[in-house]
Amino acid sequence: MELSSLSSVRSSITDHTLYQRLETIHDLRVFARHHVFAVWDFMSLLKSLQGKLTCVASPWLPVGSANTRFLINEIVVGEESDVDQHGQRCSHFELYLKAMDEMGADTSPISQLILYVQNGVPVRTALEKLKLPDSVQRFCSFTFDVIEQQPLHVQAAVFTYGREDLIPDMFHALVSRLKAQYPQQLETFTYYLERHIEVDGDHHSQLAIEMVNELCGNDQAKHDEAMAFAIRSLEMRRILWDGVLAELEAR
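Because the structure is predicted, anything quoted here is derived from the model rather than measured.

Procedures and definitions
- Residues numbered from 1 in each chain as written.
- Predicted model: local features only at pLDDT ≥ 70, side-chain atom pairs only at ≥ 80, totals over all residues.
- Heavy atoms only, no water.
- Helix = DSSP H or I, 4+ residues; strand = E, 2+ residues; numbered from the N terminus.
- Polar contact = N/O pair within 3.5 Å; in protein donor to acceptor, adjacent residues only side chain to side chain.
- Contact = heavy atoms within 4.5 Å.
- Phe/Tyr/Trp six-rings, centres within 6.5 Å; stacked < 30°, edge-to-face > 60°.
- Lys NZ or Arg CZ within 6 Å of the ring centre and 35° of its normal.
- Axes fitted to C-alpha atoms, helices over the stretch in contact; angles between N-to-C directions.
- Parallel < 35°, antiparallel > 145°, perpendicular 65-115°, else oblique.
- Nonpolar A, V, L, I, M, F, W, Y, C, P; charged D, E, K, R; others polar.
- Salt bridge = Lys/Arg side-chain N within 4 Å of Asp/Glu carboxyl O.
- Buried < 20%, exposed > 50% of the residue type's maximum accessible area, 1.4 Å probe, protein only.
- Core = buried A, V, L, I, M, F, W, Y, C linked by side-chain atoms within 4.5 Å.
- Expected span 1.5 Å × (residues − 1).

### Considering the side chain of Ser233
Mapping Ser233 onto the fold places it in helix α12 (residues 220-250). Polar contacts involving the side chain of Ser233 include one to the main-chain carbonyl oxygen of Ala230, which spans 2.6 Å. Non-local contacts of Ser233, meaning those with residues more than four positions away in its chain, are made with Phe142, Val158 and Gly162.

### Quick look at the packing of aromatic side chains
Going through the model one piece at a time under the given rule, you end up with nine aromatic pairs. Between Phe171 and Phe189 the ring centres are 6.2 Å apart and the planes differ by 75 degrees, which places this aromatic pair in the edge-to-face class. One end of the pair, Phe171, is in helix α10 (residues 169-181); the other, Phe189, is in helix α11 (residues 187-216), and 18 residues separate them in sequence. One aromatic cluster is present, formed by Tyr19, Phe31, Tyr96, Phe171, Phe189, Tyr192 and Trp241 through successive ring pairs. It is Arg237 that lies over the ring of Trp241; its NZ or CZ is 5.2 Å from the centre.

### Structural notes on the packing of helix α8 (residues 134-149) against helix α9 (residues 152-161)
Contact pair α8 / α9: the axes reach a minimum separation of 8 Å and the direction vectors enclose 150 degrees. Compared by their axis directions, α8 and α9 come out roughly antiparallel. Contacts between α8 and α9 pair Phe142, Val146 and Ile147 from the former with Val154, Gln155 and Val158 from the latter. Residues belonging to the contact of α8 with α9 are distributed by class as follows: five nonpolar, one polar and no charged.

### Quick look at the pattern of salt bridges
Evaluation of the coordinates by the stated rule reveals eight salt bridges. Between Arg195 and Asp82 there is a salt bridge, with the nearest N and O atoms lying 2.7 Å from each other. Residue Arg195 is found in helix α11, and its partner Asp82 is found in strand β1 (residues 82-83); the two are separated by 113 residues along the sequence. Each member of the pair, Arg195 as well as Asp82, carries the same accessibility label: buried. As a salt-bridge pair, Asp145 and Arg124 come within 2.5 Å of each other at their nearest N and O atoms. Of the two residues, Asp145 sits in helix α8 while Arg124 sits in helix α7 (residues 123-129), which places them 21 residues apart along the sequence. Taking relative accessible area as the criterion, Asp145 reaches 30% and is therefore assigned partly exposed. One network of salt bridges, with partners in common, ties together Arg21, Asp27 and Glu249.

### Considering the environment of Ser81
The topology assignment puts Ser81 in the loop between α4 (66-80) and β1. Expressed as a C-alpha distance, the spacing of Ser81 and Glu94, which sit 13 residues apart in the sequence, is 9.7 Å. A polar atom in the side chain of Ser81 sits 2.9 Å from the backbone oxygen of Val77.

### Description of the nonpolar core
If you look at the biggest cluster of nonpolar residues, it comprises 84 residues, and the most contacted ones within it are Leu28, Phe31, Tyr96, Phe159, Phe171, Phe189 and Met211. The greatest single-element share of this core, amounting to 16 residues, is contributed by helix α3 (residues 25-53).

### Considering α8
The end-to-end C-alpha distance of α8, which contains 16 residues, comes to 22 Å, matching closely the 22 Å that a straight helix rising 1.5 Å per residue would cover. Inspection of α8 places Ser135, Val136, Gln137, Phe139, Cys140, Phe142, Thr143, Phe144, Val146 and Ile147 among the buried residues, and these make up the whole buried set. Among the structural elements, α3, α7, α9 and α12 are those in contact with the buried residues of α8.

As structure tokens, then:
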């Protein structure tokens, strides 16, 4: 992969103006209301990969390589059944919802989306029914286009290079500062960020990169396609951040 191209797009996200605009707990609430959809569709992409790289049906049959199965299953364990700050099992998505409730952010849009999907409403229809910001709809639609239409090496690349470690140090510093003012309201959100630094920034990211390389193998065309979609996933993240910034500026 041409990592220099990826790095350039990635920098446009980690250096995004949005982070300088986030100043108060009210700003964090707006951020979380948008960002939670990225946390949710990340979990959806993760489970799509697990479903295609492993056997999740009975009777069991061997699928792919044991190493790839290990890589995706190891990531699933950490993302779907981690622990909160009190040692209670929960997924990272559920942890994020808890953080939103604690800080007073509006969880009704994402909760309604989950309810629609549980009742069989297609994801894109649900997104439209909720009249979500265009940036959120475009971001999630891209993810599900990848899930439904793209091969495994592309899905793995989008999963690996569009991860939550895109949130830079300045954001963590902001949250730490605000936590001093709102210790009870930001306890779980701070833990969520710290947990992602600990788990995603090291162990999971290395597993995911290894998974992409294994799925692409020595096929340069696959590596090129994976890179192209990794860059597109980052561009969609930038659009999502633009949407958060637009709402903050409008306020």
